[in-house]
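Chain by chain, the residues:
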Amino acid sequence: MNKEKLLYENSKHALQSDNIIAITNRHLCSRPFMEQLERVCKLHPHAIVLREKDMPEAEYLSLARDVIALCKEYDVQCMLHSFINVAIELGHPYIHLPLPILEAYIKKDLSDNYQQFFKVIGTSVHSVEDAIKAEQLGATYMTAGHIFATDCKKGLPPRGLDFLKNVCDAVQIPVYAIGGINIASNDDRTASDAPPAYDAIPDINVPRLAEVMECGAAGGCIMSGMMRV
C-alpha cells in the first residue's frame, strides 16, 4: 500500500489519535490477533501497548517482531510491555513497565543503560505517590486508574476523576486514564457490546475522553473495545 493511500485509509477512521492508547489482550479477540491489530492500526491510535505478558519470552519476542513491523507500516508507535530483554534484543526503545518492575530494574544499577537505550518508558500508577515516584524513576508517561467501573476490575470501586486530577496535578509528564473508557460505534453501542463478526471498520467515538482530559489527562487507554472493534 503506498503512503498516500495509507494516509487516506487512516484518516477515514481516525480517532482523536494523539489521545488514545490501545492496550492489547489476545484472549479478547474473536478474529486472528494480527488481523485485529491491523484493524486497530487503521484507527491510528497514539500507540499500541503489546500487553501479552502471560506469554513465554521466546513467543513474545516472535510476536513483538511482527507487531512492530505492522505498527511501522501504519506509523503507529508500538510499546512493548514488561519484557525488557526482548526490547533490547529487537533494538526497540519503547517499553511499558509495571512500576515495581521499573523500580527493580533501576535498582540493578542499570539506570545509565536504560536511560540511554529507551526513548519512551511508560508505567502504571494507582496513587499520587506512585505517580511522583514514577516520574522520579524516569518514566516519560504513565497510565492511571482505574478511573471508571470496568469488568476488568469487578468488585473494585473506581478511583474516579478526582483521583485522576490529583495525579495529573502532581506530575509534569503525560498521564493517560485507564479503566472503563469505552469506544462507541455509530449506532451508540460500545464496541465491546457490538457483534464481533462485522468486517467493516466502524465510525467510533470515545464518550468519556473529554471527561478525563478536563482533569488534565493527555488521553485515555482502551483494551476490550480495541480488541473487538
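Refer to the structure presented above.
Residues numbered from 1 in each chain as written. Predicted model: local features only at pLDDT ≥ 70, side-chain atom pairs only at ≥ 80, totals over all residues. Heavy atoms only, no water.

A.B. asks: Break down the overall build of the protein for me, with residues and values.
C.D. replies: Of regular secondary structure, the protein possesses 9 helices and 10 strands. Residues classed as buried in the protein amount to 51% of the 229 residues present. Contacts in the protein between residues at least 24 apart in sequence constitute 68% of all its contacts with a sequence separation of at least 6. Approximately 11100 Å² of the protein is accessible, and the part contributed by carbon and sulfur atoms is 49%. (Helix = DSSP H or I, 4+ residues; strand = E, 2+ residues; numbered from the N terminus. Buried < 20%, exposed > 50% of the residue type's maximum accessible area, 1.4 Å probe, protein only. Contact = heavy atoms within 4.5 Å. Areas by Shrake-Rupley, 256 points an atom, 1.4 Å probe, with all protein chains shown as cover.)

A.B. asks: Could you give me a rundown of the environment of Q136, with the residues and numbers involved?
C.D. replies: The topology assignment puts Q136 in helix α6 (residues 128-137). Given a relative accessible area of 65%, Q136 falls into the exposed group. Along the backbone, Q136 and V171 are 35 residues apart, and their C-alpha atoms lie at a distance of 9.5 Å.

A.B. asks: An account of helix α3 (residues 57-73) is requested, with residue identities and associated values reported.
C.D. replies: For α3, which comprises 17 residues, the first-to-last C-alpha distance of 24 Å matches the rise-based estimate of 24 Å (1.5 Å per residue) to within 8%. What α3 keeps buried is the set Y60, L61, L63, A64, V67, I68, L70 and C71. Next to the buried residues of α3 lie α2 (33-43), β2 (47-50), β3 (77-81) and α4 (84-89). Backbone geometry just after α3 places D75 at a positive phi near 60 degrees. (Expected span 1.5 Å × (residues − 1).)

A.B. asks: Hey, could you go over the environment of F148 for me, with residue numbers and the actual values?
C.D. replies: If you trace the backbone, F148 turns up in the loop between β6 (141-145) and α7 (160-170). Taking the C-alpha atoms as reference points, F148 and G180, 32 residues apart in sequence, are found 4.7 Å from one another. If near-sequence neighbours (up to four positions away) are discounted, F148 is found in contact with P158, L161, G179, G180, I181, R208, E211 and V212.

A.B. asks: Kindly report on the pattern of salt bridges, identifying the contributing residues and their values.
C.D. replies: Counted under the stated rule, the structure contains 6 salt bridges. Residue E52 pairs with R26 through a salt bridge whose shortest N-O separation is 2.6 Å. Taken together, the residues span a long stretch of sequence, with E52 in the loop between β2 and α3 and R26 in the loop between β1 (20-23) and α2 at a distance of 26 residues. Two residues, K107 and E103, come together in a salt bridge whose shortest N-O distance is 3.8 Å. With K107 and E103 both in helix α5 (residues 99-117) and 4 residues apart, this pair spans about one turn of that helix. Because the salt bridges share partners, they merge into one network encompassing R26, E52 and D54. (Salt bridge = Lys/Arg side-chain N within 4 Å of Asp/Glu carboxyl O.)

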